[in-house]
Amino acid sequence: MITRRKMIASMFAAAGSAMTGAAFGQGVSSRGVKAQPRGKPSGRPFLSRMTDVAKQAGLTQSIIYGGIDTKSYIVEVVGCGVAFIDYDNDGWMDLFILSGTRLDNAPSDATNRLYKNNRDGTFSDVTAKAGLRRTGWASAVTVGDYDNDGFDDIFVTYYGQNVLYHNNGDGTFTDVTERAGLRSPAVHYGSGCSWVDYDRDGRLDLFVANYLSTTLEKLPKPGENSDCTWKGVPVNCGPRGLPPGFVQLFHNNGDGTFTDVSKASGVSAAAGAYPMTVVAADYDNDGWPDVYVACDSTPSWLFRNQHNGTFREEGLERGVALSEDGLEQAGMGVGVGDYDLDGNLDIFKTHFADDTNVLYHNDGKGNFDDVTIRAGLGVETRYVAWGTGVVDLDNDGFPDLFVATGSVYPEVERRLPAYPFRTPRLVFRNLGDGRFEELIEEAGSGVSTPHASRGCAFGDFDNDGDMDVLVMNMNEPPSLLRNDVSGNNHWLKVLLVGVQTNRSGIGSRVLARYGTRRQVQEVSAQSSFYSCNDRRLHFGLGSESSADLIIRWTNGATETIPNIAADQLVVVREGSGIIRKQKFK
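How each quantity is defined
Residues numbered from 1 in each chain as written. Predicted model: local features only at pLDDT ≥ 70, side-chain atom pairs only at ≥ 80, totals over all residues. Heavy atoms only, no water. 1 Å grid on protein atoms, 1.4 Å probe; cavity = no way out; pocket = protein on both sides within 12 Å on 5 of 7 lines; lining within 4 Å. Points joined across faces, edges and corners; volume = space filled by probe spheres on them. Helix = DSSP H or I, 4+ residues; strand = E, 2+ residues; numbered from the N terminus. Nonpolar A, V, L, I, M, F, W, Y, C, P; charged D, E, K, R; others polar. Domains from an automatic or database assignment. Core = buried A, V, L, I, M, F, W, Y, C linked by side-chain atoms within 4.5 Å. Buried < 20%, exposed > 50% of the residue type's maximum accessible area, 1.4 Å probe, protein only. Pairing = 2+ DSSP bridges. Axes fitted to C-alpha atoms, helices over the stretch in contact; angles between N-to-C directions. Polar contact = N/O pair within 3.5 Å; in protein donor to acceptor, adjacent residues only side chain to side chain. Contact = heavy atoms within 4.5 Å. Salt bridge = Lys/Arg side-chain N within 4 Å of Asp/Glu carboxyl O. Phe/Tyr/Trp six-rings, centres within 6.5 Å; stacked < 30°, edge-to-face > 60°. Lys NZ or Arg CZ within 6 Å of the ring centre and 35° of its normal. Buried area = accessible area lost by both parts, 1.4 Å probe.

Chemist: Any details on empty space enclosed by the protein? Residues and values, ideally.
Modeler: For the structure on display, the rule yields eight cavities of 30 Å³ or more. Around the largest cavity, the lining is made up of 29 residues, and of these Val336, Val390, Gln521, Glu522 and Asn533 lie nearest the centre. The set of elements that each furnish at least two residues to the lining of the largest cavity consists of strand S16 (275–281), strand S20 (334–337), strand S24 (385–391), strand S33 (517–522) and strand S34 (537–542). Among the residues forming the lining of the largest cavity, the class breakdown is 13 nonpolar, 10 polar and six charged. Taken together, domain 1 (48–492) and domain 2 (493–583) each give at least three residues to the lining of the largest cavity, which thus spans both. If you add up the space inside the second largest cavity, you get close to 100 Å³. Forming the boundary of the second largest cavity are 15 residues, of which Val28, Val77, Tyr211, Asp296 and Val408 lie nearest the centre. For the lining of the second largest cavity, the residue count by class is 12 nonpolar, two polar and one charged.

Chemist: Give me the lowdown on the nonpolar core, citing residues and values where you can.
Modeler: Residues Phe96, Trp195 and Phe352 are the most contacted members of the largest nonpolar core, which totals 108 residues. Each of domain 1 (48–492) and domain 2 (493–583) accounts for three or more of the residues forming this core. Val391, Leu401, Phe402 and Met467 belong to the second-largest nonpolar core, a separate cluster that totals 32 residues.

Chemist: Tell me about the sheet that holds strand S29 (residues 468–473), and name the residues and values.
Modeler: Pairing within the open sheet is antiparallel, and its four strands lie in the order S1-S30-S29-S28. Each having just a single partner strand, strand S1 (48–52) and strand S28 (453–459) make up the two edges of the open sheet. Put simply, the sheet's adjacent strands are angled 25° from each other on average, direction ignored. Bridge analysis of S28 against S29 gives five bridges, and the strand direction is antiparallel. From the neighbouring strand, glycine 459 faces S29, where its bridge partner is aspartate 468.

Chemist: Help me get a handle on the side chain of arginine 536, residues and values and all.
Modeler: As for its placement among the helices and strands, arginine 536 is situated in the loop between S33 and S34. Of the residues examined, arginine 536 reaches a relative accessible area of 5% and is grouped as buried. A distance of 3.0 Å separates polar atoms of two side chains, one belonging to arginine 536 and the other to asparagine 463. Setting aside its immediate chain neighbours within four residues, arginine 536 contacts Gly91, Met93, Asp460, Asn463, Val494, Leu495, Leu569 and Phe584.

Chemist: Kindly report on the pattern of salt bridges, identifying the contributing residues and their values.
Modeler: For the structure on display, the rule yields 26 salt bridges. When the shortest N-O distance is used, the salt bridge between arginine 240 and glutamate 328 registers 3.0 Å. With arginine 240 in the loop between strand S13 (233–234) and strand S14 (244–252) and glutamate 328 in the loop between helix H7 (315–318) and S20, the pair connects residues that are 88 residues apart, well separated along the chain. Take arginine 240 and glutamate 328: they sit in the same class, and that class is buried.

Chemist: Explain the pairing of strand S31 (residues 490–497) to me, and be specific about the residues and the numbers.
Modeler: Across the eight residues of S31, seven count as buried, placing the element largely inside the fold. Looking at chain direction, S31 and S34 are connected through five bridges and run antiparallel. Bridged to valine 494 within S34 is leucine 537. Relative to strand S37 (residues 568–573), S31 runs parallel, the two being bridged by six bridges.

Chemist: Tell me about the packing of aromatic side chains, residues and numbers included.
Modeler: Counting across every chain of the model gives 24 aromatic pairs. Consider the rings of tryptophan 301 and phenylalanine 303, whose centres lie 5.9 Å apart with planes at 75°: the pair is edge-to-face. Residue classification places tryptophan 301 among the buried positions, given a relative accessible area of 5%. With relative accessibility at 1%, the residue phenylalanine 303 sits in the buried group. Taking the centre distance of 3.9 Å and the plane angle of 20° together, the rings of phenylalanine 529 and tyrosine 530 count as stacked. On the basis of relative accessibility, which here comes to 1%, the residue tyrosine 530 falls in the buried class. Cluster of aromatic residues (ring-pair linked, three or more members): Tyr146, Phe155, Trp195 and Phe258. Positioned above the aromatic ring of tyrosine 158 is the side chain of arginine 134, whose terminal nitrogen or guanidinium carbon lies 4.9 Å from the ring centre.

Chemist: Before we move on, can you summarise the side chain of threonine 142 with the specific residues and values?
Modeler: Take threonine 142: it is sitting in strand S6 (residues 137–144). Reaching out from threonine 142, the side chain makes a polar contact with the backbone oxygen of alanine 525 at a distance of 2.8 Å. What threonine 142 contacts, discounting residues up to four positions off in sequence, is Asp153, Ile154, Phe155, Cys193, Ser194, Trp195, Leu206 and Ala525.

Chemist: With reference to specific residues and values, describe the sheet that holds S34.
Modeler: Spatially, S34-S31-S37-S38 is the arrangement adopted by the four strands of the open sheet, whose pairing is mixed. Of all strands in the sheet, those bounded by a partner on one side alone are S34 and strand S38 (577–582). Neighbouring strand axes in the sheet, compared pairwise and without regard to direction, differ in orientation by 25° on average. Alignment of S37 against S38, held across five bridges, turns out to be antiparallel. Bridge pairing in S38 links leucine 569 to glutamine 582.

Chemist: Give me unusual backbone geometry: which residues, what numbers.
Modeler: A cis amide bond links glycine 238 with the next residue in sequence, proline 239, at an omega value of 5°. Along the chain, proline 239 turns up in the loop between S13 and S14. Even without a glycine there, the phi angle at aspartate 567 is positive, about 65°. Overall, the relative accessible area of 22% leaves aspartate 567 in the partly exposed class.

Chemist: An account of the domain arrangement of the protein is needed here, citing residue identities and associated values.
Modeler: Interface size is commonly expressed as the accessible area that is lost once the parts come together. When the domains of the protein are assigned, the result is domain 1 (48–492) and domain 2 (493–583). With centres defined by C-alpha atoms, the gap from domain 1 to domain 2 works out at 22 Å. Taken residue by residue, the interface counts 72 residues in domain 1 and 51 residues in domain 2. Regarding the contact of domain 1 and domain 2, the summed buried area is about 4,500 Å², with carbon and sulfur atoms giving 52% of it. Among the residues of domain 1 in contact with domain 2, His490, Trp491 and Leu492 are the three that bury the most area, contributing 21% of the side total. For the pair domain 1 and domain 2, the interface holds three salt bridges. Where aspartate 152 meets arginine 535, a salt bridge forms, and the shortest distance between an N and an O atom there is 2.9 Å. Applying the counting rule to domain 1 against domain 2 returns 38 residue pairs in polar contact (both at pLDDT 80 or more). Broken down by secondary-structure element, the contributors of at least two residues to the side of domain 1 that touches domain 2 are strand S2 (82–85), S6, strand S10 (188–196), S16, S24, S28 and S31. Class assignment for the residues of the side of domain 1 that touches domain 2 results in 30 nonpolar, 29 polar and 13 charged.

Here it is as structure tokens:
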């Protein structure tokens, strides 16, 4: 029997690129769909309010990224990610914020920045002290303890040369890229990246995407061809019409060095796309980490782990490469979570304006269905969407969706005011029945205020039991959205510490049972857009005052911990159960 998914896959394979570039006459894939009619508001109060507290928190330095009023090349528009990282292991989330530069007259203070959490709602810039000053076109960040020494390390992709920073455990970092064997002999346009223990040997390996296979001096100028215009306005070119990118896999040798196994693992066979955000997780519930890559204006990739050191790219067959109508979309950001509480990891992917974002529902075996329209998410097509997360913002026990937006063409707004450069964030509140309701003003000024945003990360910076959001804004300071949750909903945080598994617990999953509900989450090292979240898994519990946990470590070992009281953080060490509990004030 020929399934709809197989039919679409075969049609796409036969059509090849014919169904893409020429049909759109622009550099970015957009289906040109109209928004679905909005239903009647639910009338339910939303108990989460987002307020941007970046200024009072001390986050006042602008994130430099390309020109302000004009952007001539694609490297200026993509932007970068951000990360929550507890680099000093004091139990408070610090912030790592990437930065770009400018082609001309770059400010001297254009650099990535590390902010130490002062535990009072403010942060101190410790970039120079930590040895992390660096100017360039930063893209993505992944955080994880690759040498299992107890301190989280940082890997950053760039246009140019990627960088691996080893955490020395004393508040400083050392650039060990060359020593680790990760320095490239050529200029690459690095994009998404993630730590992943793909062979389950207890050491974190590294998956790296490269957006394009070209260099700045080879890029065409705005308006030079049909891939360099948007709605008739000359703009920066691409990605269509530019040489597509590729992905790489580096195996951790256990001695501080890595070996390129891209060819041996099979990942280098994937070709013809523009890969962006990378999210490693076990999508088919077989106990082995897979890798999903959002691809811009081309079919997205799902690399299924074959349990023998190799991967097979099965995005088309599995239903996560295209839209429901079989068209390419401009995949940029990815959120992964169990939105319908069935114990499976679903995928939410963000796209360009004049298109919907997409929600893929997982059947538990790694097959996905596009449920965007059924879920009520087709109501929004106005904005270019980037960073995103499947995260319970109001602690009601149902994960919501958050989306950061912002245009890539500052030139267009002057000619077409309907397409502004700065746009609001979006919240889609989970109604608990498989549907979502879009909220903007109702979610607070931190959501409704317009910015040209890119990456965002989710974490609890003030340790008050809810999920805050750090957002990258182009050529202005970042936003730090403090989440203030009212009402009496409960929550539980879980921090996993591996022993046989990698110490960061990356790839390990927790199934929480609370009342009649169950929800699965996995520890990941990249999601959203080029960003990295707080590694403490956060479960909203609604009215339930306790939860049972089933932990499956990356190596497949399982532990069950029953009847854990709500409203606290529990630290679980592999094989030892709960080793610490912490109540937040």
